[in-house]
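Descriptive analysis of the structure
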Amino acid sequence: MSAGAENEPRWLEYWRENMEALGIPVPATAFPNYALIVGTIKTLVDAARVHGPRVTVGELVVAGTLPERLAMLGALGVAYFAGAAVGSAAVATGRVISGGTGLSDVLFYASRHGFLNPQVGTVLQTHPQIYQRQHAGRLTLALSPQSLSRLR
C-alpha cells in the first residue's frame, strides 16, 4: 500500500462507508480524521490484548479504558470492532490506490500500524466480507449473534 493514501480526502469517506456497510455506526464527530481512527484502533487492539476477545466496547467505556465517544458501540466486541476498523482502513486505502483490497493488503496494513494480533487476525481471516465489498455475506455480518459467537 502506498504511503500517504490515507491523506487522500476520499480515504475517510471510504472508511466510514465500509464500516457502515458492516452495520457499525461511525458518527463523524466520533471519527473525524485518520489520526483519531488509527489512535482508536491502537487503543482497541491494546484493550483486546489485555482483556481478551470477549470484552465489549461498552464494558471498557464504563471502566474508563476507552473514551466516552465510543459508548454508542456498547455490546460490540473490542476485537470485532478493531478487526472491522482495520479491514475498513485497508479497504479505504485499497480503493484510493487501486479500487480493491485483499487479505494480504489488510494484514499488511494491520501489521504496518501495529494492529495485528491473534484476535484481529482471526476476525479478518474468518470474515472476508469486512474488506471485500462484493462479498455475498457482507450485509449479513453486522452484529449477527452467529458472527459474534465465533469470537468467543
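Because the structure is a prediction, the values reported are computed rather than measured.

Things to note about the packing of aromatic side chains
Taken as a whole and assessed by the stated rule, the structure comprises 3 aromatic pairs. With a centroid separation of 5.4 Å and 55 degrees between ring planes, the pair formed by Trp15 and Phe31 is classed as tilted. In this pair, Trp15 sits in helix H1 (residues 9-21) while Phe31 sits in the loop between H1 and helix H2 (34-51), placing the two residues 16 residues apart along the sequence. The exposure class of Phe31 is buried, given its relative accessible area of 0%. Here the aromatic rings of Phe31 and Phe81 are separated by 6.1 Å at their centres, their planes lie at 35 degrees, and the arrangement is tilted.

Brief notes about the pattern of salt bridges
One pass over the structure, following the stated rule, counts 3 salt bridges. In this structure, the salt-bridge partner of Glu8 is Arg10, at a minimum N-O distance of 3.1 Å. With relative accessibility at 28%, the residue Glu8 sits in the partly exposed group. A salt bridge links Asp46 to Arg49; the nearest nitrogen and oxygen atoms lie 3.0 Å apart. Remark: Arg49 and Asp46 occur in helix H2; sequence separation between them is 3 residues, near one turn of the helix. Looking at Asp46, the relative accessible area reads 30%, which means it is partly exposed. Judged by its relative accessible area of 42%, Arg49 is partly exposed. Here the residues in one salt-bridge network are Lys42, Asp46 and Arg49, joined through shared partners.

Describing helix H6 (residues 118-126)
Taken together, the buried positions of H6 are occupied by Val120, Gly121, Val123 and Leu124. Along H6, the residues classed as buried sweep out an arc of 160 degrees about the axis, all on the same side. Exposed and facing more than 90 degrees away from the buried side of H6 are Pro118 and Gln125. Turning to H6, the residues buried within the fold contact H2, helix H4 (78-97) and helix H5 (103-112). If you check the start of H6, you find a side-chain oxygen 2.9 Å away from the backbone N of Gln119, and it comes from Asn117.

Side note on the environment of Arg95
You can see Arg95 is positioned in helix H4. Sequence separation between Arg95 and Ala5 is 90 residues; the distance between their C-alpha atoms is 9.3 Å.

Brief notes about the confidence of the model for the chain
For the chain, per-residue confidence averages 80 on the pLDDT scale, and residues scoring 70 or more make up 84% of the total. Ranking the elements of the chain by mean pLDDT puts helix H8 (residues 145-149) last, at 55, and helix H3 (residues 57-62) first, at 88.

Observations regarding the nonpolar core
Grouped together as the largest cluster of nonpolar side chains are 49 residues, with contacts concentrated most on Trp11, Trp15, Ile24, Val57, Phe81, Val86 and Tyr109. Broken down by secondary-structure element, the contributors of at least two residues to this core are H1, H2, H3, H4, H5 and H6. Looking at this core element by element, the count peaks at 13 residues for H4.

Here we look at the environment of Gly74
Checked against the element boundaries, Gly74 lands in the loop between H3 and H4. Judged by its relative accessible area of 21%, Gly74 is partly exposed. Separated by 16 residues in the primary sequence, Gly74 and Gly58 place their C-alpha atoms 3.9 Å from one another. For Gly74, the residues in contact, after removing those within four places along its chain, are Thr56, Val57 and Gly58.

What counts as what
- Residues numbered from 1 in each chain as written.
- Predicted model: local features only at pLDDT ≥ 70, side-chain atom pairs only at ≥ 80, totals over all residues.
- Heavy atoms only, no water.
- Phe/Tyr/Trp six-rings, centres within 6.5 Å; stacked < 30°, edge-to-face > 60°.
- Helix = DSSP H or I, 4+ residues; strand = E, 2+ residues; numbered from the N terminus.
- Buried < 20%, exposed > 50% of the residue type's maximum accessible area, 1.4 Å probe, protein only.
- Salt bridge = Lys/Arg side-chain N within 4 Å of Asp/Glu carboxyl O.
- Arc of directions from axis to C-beta.
- Contact = heavy atoms within 4.5 Å.
- Polar contact = N/O pair within 3.5 Å; in protein donor to acceptor, adjacent residues only side chain to side chain.
- pLDDT = per-residue confidence, 0-100.
- Core = buried A, V, L, I, M, F, W, Y, C linked by side-chain atoms within 4.5 Å.

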